Amino acid sequence: MNVQKCLEQGKAIIVSHHHGRIPYAVPPVMVLPEIKKALEGRDVKIIVDCGIASGADVFKALALGADAAAVGRSMLPSLETGGVNGTRDFLNHVGDELRYLMSCTGFAKVSDIDDSVIHYIR
């Protein structure tokens, strides 16, 4: 990974492992803390992709350093089976679960979420 090259290109990076299609890829949440540290003090947003299928996944990604989480591929089954309504229901479920986890952990705003409630090996 070359964070410096990403910094030269724009104001955001997307951290992805292409949904595990690359056999040696590291899941994005495993490298988020390292990326966040490398970008400290810079105005660069981190968007995580891959494996984000629930509010809990969004919560973990935000807690580990992401500014946003993409759920595009995870919502495709809902789109295929339920169209617009299925997609809306999926996104509402993700949001409801995220709000529930925030209330359980004492975070009032998404921007307040940090790794203080996540146990992981640093």
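Scroll up to find the structure this text is about.
Quantities reported herein were computed from a predicted structural model and do not represent experimental measurements.

## Focus: the nonpolar core
A general feature of soluble globular proteins is that nonpolar side chains tend to end up buried together.
Okay, step 1: Counting 25 residues, the largest nonpolar core has Ile 13, Val 15, Leu 32, Ile 35, Ile 46, Phe 59 and Ile 113 as the members making the most contacts within it.
Okay, step 2: Of all the elements in the fold, those that place two or more residues in this core are strand S1 (12-15), helix H2 (28-38), strand S2 (45-48), helix H3 (55-63) and helix H4 (76-105).
Okay, step 3: Top contributing element to this core by residue count: H3, with five residues.
Okay, step 4: Residue contacts for Leu 32: discarding those within four places in its chain leaves Val 15, Ile 46, Val 48, Ala 61, Leu 64 and Ala 66.

## What to know about the environment of Ile 46
Okay, step 1: Checked against the element boundaries, Ile 46 lands in strand S2.
Okay, step 2: The class of Ile 46 is buried, set by a relative accessible area of 1%.
Okay, step 3: Spatially, the C-alpha atom of Ile 46 lies 9.4 Å from that of Leu 62, the residues being 16 residues apart in sequence.
Okay, step 4: Sequence-distant contacts of Ile 46, defined by excluding residues within four places in its chain, comprise Ile 13, Val 15, Leu 32, Ile 35, Lys 36, Leu 39, Gly 65, Ala 66, Asp 67 and Ala 68.

## Some words on the packing of aromatic side chains
Each aromatic ring pair is summarised here by two numbers: the centre-to-centre distance and the angle between the ring planes.
Okay, step 1: Per the counting criterion, the structure on display carries one aromatic pair.
Okay, step 2: Centre to centre, the rings of Phe 59 and Phe 107 are 6.1 Å apart; their planes meet at 50 degrees, and the pair counts as tilted. Residue Phe 59 is found in helix H3, and its partner Phe 107 is found in the segment after H4; the two are separated by 48 residues along the sequence.

## Re the environment of Thr 105
Okay, step 1: Take Thr 105: it is sitting in helix H4.
Okay, step 2: Each C-alpha atom of the pair Thr 105 and Ser 116 lies 9.4 Å from the other, and the pair is 11 residues apart in sequence.
Okay, step 3: In this structure Thr 105 touches Phe 59 and Val 117, once residues within four positions along its chain are discounted.
Okay, step 4: Within polar-contact distance, the side chain of Thr 105 engages the backbone oxygen of Leu 101 at 2.7 Å.

Parameters and conventions
Residues numbered from 1 in each chain as written. Predicted model: local features only at pLDDT ≥ 70, side-chain atom pairs only at ≥ 80, totals over all residues. Heavy atoms only, no water. Core = buried A, V, L, I, M, F, W, Y, C linked by side-chain atoms within 4.5 Å. Buried < 20%, exposed > 50% of the residue type's maximum accessible area, 1.4 Å probe, protein only. Helix = DSSP H or I, 4+ residues; strand = E, 2+ residues; numbered from the N terminus. Contact = heavy atoms within 4.5 Å. Phe/Tyr/Trp six-rings, centres within 6.5 Å; stacked < 30°, edge-to-face > 60°. Polar contact = N/O pair within 3.5 Å; in protein donor to acceptor, adjacent residues only side chain to side chain.

Limitation: the analysis is restricted to geometry and does not speak to function.
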